[in-house]
Amino acid sequence: MERVFSGIQPTGVLHLGNYLGAVRNWVAIQSDYECIYCVVDLHAVTQSYDVAAMPGRILELATGLLACGLDATQVRLFVQSSLPQHAELAWVFTCVTSMGELGRQTQFKSKSEQQADNINVGLFAYPVLQAADILLYKASRVPVGEDQEQHLELSREIARRFNARFGATFPEPRTLFTSTPRIRGLDGAAKMSKSLGNHIAVDEDEAVLRRKLASAVTDPARQKRADPGHPEICNIYSLHKFFSDSGSCQEIESACRTAAIGCVDCKKRLGDQLLAHFAPIRERWRTLRERPDEVRDVLRQGQRQCQQLADATMAEVRAKMGLNW
Ligand code: TRP
């Protein structure tokens, strides 16, 4: 079985973008690959954050991932900072990575604009830590959305560079599910994200969900109820494609084009679908939230399992680099 690694940041809420872009794929492949999934808290601290809230966020995210269907008997789920080998390998990798290629990363450029008062070295080296996450376990497959492709390309480059300098050690990790679309925000912005405040949470309260949908951007050409729409450019329609069956999608598509339904109805139907889809997840989430020690046990078990792999890789890395006196 090929080994898969993926990570998700504990930055606040699990939203539709994370769910469609990553988490539902993590669940779908858990019995087809040897999967390691990680709550990447060391990545999250490259942004300003509320220290007191962090432990709760880590646990809440792990709880949500289990509620979405990750099966702790099949996958290893753990917290990045619980294994210091991630930071150690990241240091090694910074020594085979050039300043120039990190400066060209689009995520670094956009984050530098978003947090101009906090352009720290960790933000700059973020993709190096990501490469260490993956390569510490010699994972060959990484299920992420297309926005991570540049980081994956850099991970491959780092693997090649290390191998060329110190001897064959790491595989070149490849993206799994490159077709996963980027989920746009409710405001029509390029990406749904918590920090942009344009998201719908997986466990969104019904009233909030309806309110967010009501103000979400649709086809700008549909100013009035009678204006015919263009579903192919409408973000709400693109969400219908994930949550409504193909019959309903076809019906909505033609009804939108002929202005037989308005955006209000279309959004109401999407809201119904979202609530139905996430009902069992929300139910499991609620149950698990009452048993935080169970979630902690899962994370500790994942930590123990991953530690053995991490130790083996670091012993090999130290030997190959001549650090094994
Ligand atoms: N950068 C990823 C994101 O923002 C999170 C991440 C960190 C990750 N380490 C990883 C993803 C390793 C895949 C593999 O989505």
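The coordinates are above.
Residues numbered from 1 in each chain as written. Predicted model: local features only at pLDDT ≥ 70, side-chain atom pairs only at ≥ 80, totals over all residues. Heavy atoms only, no water.

Asks: I'm lost on the side chain of Gln-303 in this one. Help?
Replies: Here Gln-303 is to be found in helix H14 (residues 292-320). The exposure class assigned to Gln-303 is buried, which follows from its relative accessible area of 15%. Filtering out sequence-adjacent residues up to four positions away, Gln-303 remains in contact with Phe-78, Ser-82 and Leu-83. (Helix = DSSP H or I, 4+ residues; strand = E, 2+ residues; numbered from the N terminus. Buried < 20%, exposed > 50% of the residue type's maximum accessible area, 1.4 Å probe, protein only. Contact = heavy atoms within 4.5 Å.)

Asks: Would you mind going over unusual backbone geometry with me for this structure?
Replies: Leaving glycine aside, a negative phi is the common case for residues, and trans is the common case for peptide bonds. Even without being glycine, Lys-138 reaches a positive phi, approximately 50°. On the accessibility criterion, Lys-138 (29% relative accessible area) is partly exposed. Its identity is not glycine, yet Ala-259 carries a phi of approximately 60°, on the positive side. Looking at the element boundaries, Ala-259 is found in the loop between helix H12 (246-257) and helix H13 (263-289). A relative accessible area of 13% places Ala-259 in the buried class.

Asks: Please clarify how the packing of aromatic side chains should be interpreted in this entry.
Replies: Here a ring pair, both rings aromatic, is described through the centre-centre distance and the interplanar angle of the planes. In total, this model carries ten aromatic pairs according to the counting rule given. Taking the centre distance of 6.1 Å and the plane angle of 75° together, the rings of Phe-78 and Tyr-137 count as edge-to-face. Taken together, the residues Phe-78 in strand S3 (residues 76-79) and Tyr-137 in the loop between helix H8 (126-136) and strand S4 (141-143) connect sequence positions 59 residues apart. The burial state of Phe-78 is the same as that of Tyr-137; both residues are buried. (Phe/Tyr/Trp six-rings, centres within 6.5 Å; stacked < 30°, edge-to-face > 60°.)

Asks: For this particular structure, what's the right way to read the pairing of S3?
Replies: Residues of S3 alternate between two faces, with Arg-76 and Phe-78 on one and Leu-77 and Val-79 on the opposite face, all of them buried. Relative to S3, strand S2 (residues 34-39) is paired through four bridges, and the arrangement is parallel. Within S3, the residue paired with Tyr-37 across the bridge is Leu-77. (Pairing = 2+ DSSP bridges.)

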